[in-house]
Amino acid sequence: MNAIDLLIQDHKLVKKLLEELSTTTERAVKKRAELLRRIEQELQIHTALEEEILYPAIKQAGGKEEAKMYYEAKEEHRTVDALVLPDLLHTETGTVEFSGRVKVMKELLEHHIEEEEGELFPTAKKLLGKDTLEELGQAMEMQKKMLKGEQRAA
């Protein structure tokens, strides 16, 4: 599977989980906690794949515009990973506040996904070509298996 297809598959899963989480009520305390844990795991792995494999390849093959895309995408990851998600993880799942924070995280992630799929991925296809994207995809699949194994062991 090439790198772009793998990442789009991840995007679909995270969007599905976010949709499911955002439609829960304050009474679904356990379900909310379980969905949030799953989203956190998926995001950690997905972010690692993008930041360690795809983004550097785009930055290296591109010019100034691609460097700007690289830093913007990393900053969007940081916003979710360092600010929004930690707050959400420390918010009682049975509260209206939790619902509000889920909505904000969902909007941020949907915006990020839209930009990646609309701008970054087409740029990657042009810059890197089919063979390189296949190689990156294989590296991502191996990395993903390793990271999932580490999460299970933790």
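Because the structure is a prediction, the values reported are computed rather than measured. (Residues numbered from 1 in each chain as written. Predicted model: local features only at pLDDT ≥ 70, side-chain atom pairs only at ≥ 80, totals over all residues. Heavy atoms only, no water.)

### Some words on the UniProt feature "coiled-coil region" (unreviewed entry) in the protein chain
The following threshold applies: UniProt positions are given in the numbering used here, feature names are shortened, and annotations may be inferred rather than shown by experiment. Segments assigned H or I by DSSP are reported as helices when at least four residues long, segments assigned E as strands when at least two residues long, and all are numbered from the N terminus.
In the UniProt entry, the feature "coiled-coil region" (unreviewed entry) is given for residues 14–52. Structurally, residues 14–52 is divided into 85% helix and 0% strand, and its ends, taken at the C-alpha atoms, are 19 Å apart.

### A few points about helix α2 (residues 29–61)
Residues separated by three or four positions in an α-helix point in the same direction, a consequence of the helix having 3.6 residues per turn. Put simply, the rule is: What a helix is expected to span follows from its residue count: subtract one and scale by 1.5 Å. Note that bend, as reported per residue, equals the angle between axes fitted to the 7 residues terminating at that residue and the 7 residues originating from it.
The end-to-end C-alpha separation of α2 is 46 Å, in line with the 48 Å expected for 33 residues at 1.5 Å each. Within α2, the axis deviates most sharply at E51, by approximately 35°.

### Some points on the packing of aromatic side chains
Rule in force here: Stacked, tilted and edge-to-face pairs are distinguished by plane angle, under 30 degrees for stacked and over 60 for edge-to-face with tilted covering the rest, among Phe, Tyr and Trp rings (Trp via its six-membered ring) whose centres lie within 6.5 Å. Residue burial is assigned from relative accessible area. The probe radius is 1.4 Å, only protein chains are included, and a residue is buried under 20% of its type maximum, exposed over 50%, and partly exposed in between.
Counted according to the given criterion, the structure contains two aromatic pairs. Their ring planes at 75° and their centres at 6.4 Å tell us that Y55 and Y70 sit as a pair that is edge-to-face. Taken as a pair, Y55 in helix α2 and Y70 in helix α3 (residues 64–89) lie far apart in primary sequence, 15 residues in all. Residues Y55 and Y70 agree in their burial class; the two are buried. With 4.8 Å between their ring centres and 85° between their planes, Y70 and Y71 make a pair best called edge-to-face. Its relative accessible area of 48% is what places Y71 among the partly exposed residues. Taken together, Y55, Y70 and Y71 form an aromatic cluster joined through their ring pairs.

### Things to note about the environment of L83
Inspection of the secondary structure puts L83 in helix α3. As for L83 and M105, which are separated by 22 residues in sequence, their C-alpha atoms are 9.9 Å apart.

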